[in-house]
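Remarks on the overall topology
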Amino acid sequence: MKLLFKGGTVVSGHGTKRADILVDGEKIAAVGRNLSAPGAQVVDVTGKLLMPGFIDAHTHFDLEVAGTVTADDFASGSRAALRGGTTTVVDFACPNKGETLHTGLQRWHEKADGRACCDYSFHMTIDDWNETIEAELDDMYAAGISSFKMYMTYPAMMLDDSTIYHVLKKLKEKGGICGVHCENSGVIDALIAEKKTSGQLGVSSHPQTRPDYLEAEAVARLLRIAQAADAPVIIVHLTSAAALREVEAARKRGQTVYVETCPQYLLLDESVYDNEDFTKAAGYVCAPPIRKSENQKVLWQGLRRGEIQTISTDHCSFTAEQKARGRDDFTAIPGGVPGVETRGELIYSFGVTTRKISLATMCKTLSENPARLYGLFPRKGILRLGSDADLVIYDPQADHVIRGEDMVGRAGYTPFEGFVTRGGIEQVWLRGKLAVNHGTVLAQEGDGQYLIRGKNAL
């Protein structure tokens, strides 16, 4: 069936233009002014913005962590993603230490295949390194895995500097790219031990034990390792001005560095941890933590200048009951916040309409850049001839209040409770099929397709 979207404003990474979009089956057949298509179903989008489906390249669905499992699996998480305009997620396949990459990939396919409502792919976490794992890299590329993840913290996953160097060298040789979680694990552990010794076990100790300068130190160290390996890297969920300065210094040296940030770092500040209500304060525990408010201006500026390439969510959801595991010890609070359902409306409302960034920058950071960086462009990330018909229909007049009780994700809350949006998502189309209509998710489990990804083209 053909669909003709008429009367809207099409958004791209270059700007906006009044244009119609013709969809034939799962693909975009034409984009232009005054299109006609006899027999096509006309969708009136007058006064609306037409954006390419958003890509969230940092989610954690059905992840076993901290002695529990995230509240959202691939079914509920992908439903929430679609409701927020995200038509593609790239989750993290996580083999345990001692396991092969194949084992991790198989386990994540078992979690996602036939359950995902939106399209999906996986990064591959490397938390161990040996000849067997190195030999598996070619198979990962053949399976559509072209990006990887390493950790500089968390004992179950972290790698030492020497191993990071060897991994980066091998990934560069193979044409892959790696995102890295950057925090100084050793000093964090020392700070945590001091807090425990002094009996300071409340939520407010969380940001104090993971300060921004320890993120910046780890970013600087990673970038020097990457310099030695002559390899590009991605800094995931960057939170602070101090960390961004280290990226700027590396770029001045001629290094290739990509940066991701998240809505919680753009819109919230560390005062959220001071709430006397444990449940509310614990709901914001994530790593790296939410920072002081002065960092927000620098991050928005970085987005505007193109210094930060993508906005993902690091969606890692837990219920209040799960967070309560750390009521008497902040280190036992499962770390992570939900965000995949609200990202698009938040960035439009508090970035675009406040003129911190342009619509084009929103499109780049939510759609086009992640598509290019993670080997999905031009199938995803843009509205043009031949691309998948993933469309977000945004109504600039549909203001509403964000409430946890309205979320379809399973966390039971949103970190952005009470935020008033400017406009809202009216419809989401996934490969030419209506997936969300006025907040109601129509897509079913299994509607999502696994995506074979190519290599970085950003």
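Since we're looking at a predicted model, the values are computed, not measured.

Structural notes on the side chain of Ser387
Position of Ser387 among the secondary structure elements: in the loop between helix H14 (359-373) and strand E18 (391-395). Discounting chain neighbours no more than four positions away, the residues touching Ser387 are Glu26, Lys27, Ile28, Pro378, Arg379 and Ile382.

Topic: the nonpolar core
One broad rule of soluble globular proteins: the nonpolar side chains tend to lie buried together. Counting 112 residues, the largest nonpolar core has Met51, Phe148, Leu168 and Met362 as the members making the most contacts within it. Tallying contributions element by element places helix H7 (residues 212-229) first for this core, with 8 residues. Setting aside chain neighbours within four positions, we find Met362 in contact with Met51, Phe54, Gly344, Ile347, Tyr348, Val352, Ile357 and Ser367. Grouped together as the second largest cluster of nonpolar side chains are 15 residues, Val23, Val45, Leu383 and Trp429 included.

A closer look at the pairing of strand E11 (residues 86-93)
In terms of burial, E11 is largely enclosed, as 8 of its 8 residues are buried. Here strand E8 (residues 54-59) runs beside E11; their pairing, made up of 4 bridges, is parallel. By the bridge assignment, Phe54 is partnered in E11 with Thr86. Bridge count for E11 against strand E12 (residues 119-125) is 6 bridges, and the pairing is parallel.

With respect to the pattern of salt bridges
On inspection of all chains with the given rule, the structure shows 27 salt bridges. For Arg431, the salt bridge is made with Glu26, and the minimal N-O distance between the two is 3.2 Å. Residue Arg431 is located in the loop between strand E19 (424-430) and strand E20 (433-437), and its partner Glu26 is located in the loop between strand E4 (20-24) and strand E5 (27-32); the two are separated by 405 residues in the primary sequence. The buried category is assigned to Arg431, whose relative accessible area is 7%. We note a salt bridge from Arg107 to Glu99, for which the minimum N-O separation is 2.9 Å. We classify Glu99 as partly exposed; its relative accessible area is 23%.

Observations regarding the sheet that holds E12
Pairing within the open sheet is parallel, and its 8 strands lie in the order E8-E11-E12-E13-E14-E15-E16-E17. At either end of the open sheet lies a strand with only one pairing partner, and these are E8 and strand E17 (310-311). Its contacts with the sheet put H7 on strand E14 (177-181), strand E15 (233-235) and strand E16 (257-261), and the angle it makes with E15 is roughly 175 degrees.

With respect to the environment of Asn437
With respect to the helices, strands and loops of the structure, Asn437 is situated in strand E20. The exposure class assigned to Asn437 is partly exposed, which follows from its relative accessible area of 26%. C-alpha of Asn437 to C-alpha of Gln427: the two residues are 10 residues apart in sequence and 4.7 Å apart in space. Apart from the residues lying within four places of it in its own chain, the contact partners of Asn437 are Glu426, Gln427 and Leu442. A distance of 3.1 Å separates a polar atom in the side chain of Asn437 from a polar atom in the side chain of Gln427.

Comments concerning the packing of helix H3 (residues 131-142) against helix H4 (residues 161-174)
Packing of H3 against H4 leaves a shortest axis separation of 11 Å and a crossing angle of 40 degrees. Taken together, H3 and H4 sit at an angle that is classed as oblique. The two elements H3 and H4 cross, and the hand of that crossing is right-handed. For the pair H3 and H4, contact is made by Glu134, Leu137, Asp138 and Tyr141 and by Lys170, Leu171 and Lys174, respectively. When grouped by side-chain class, the residues that make up the contact of H3 with H4 number 3 nonpolar, no polar and 4 charged.

What counts, and where the lines are drawn
Residues numbered from 1 in each chain as written. Predicted model: local features only at pLDDT ≥ 70, side-chain atom pairs only at ≥ 80, totals over all residues. Heavy atoms only, no water. Helix = DSSP H or I, 4+ residues; strand = E, 2+ residues; numbered from the N terminus. Contact = heavy atoms within 4.5 Å. Core = buried A, V, L, I, M, F, W, Y, C linked by side-chain atoms within 4.5 Å. Buried < 20%, exposed > 50% of the residue type's maximum accessible area, 1.4 Å probe, protein only. Pairing = 2+ DSSP bridges. Salt bridge = Lys/Arg side-chain N within 4 Å of Asp/Glu carboxyl O. Axes fitted to C-alpha atoms, helices over the stretch in contact; angles between N-to-C directions. Polar contact = N/O pair within 3.5 Å; in protein donor to acceptor, adjacent residues only side chain to side chain. Parallel < 35°, antiparallel > 145°, perpendicular 65-115°, else oblique. Left-handed = near helix turned anticlockwise from the far one by under 90°. Nonpolar A, V, L, I, M, F, W, Y, C, P; charged D, E, K, R; others polar.

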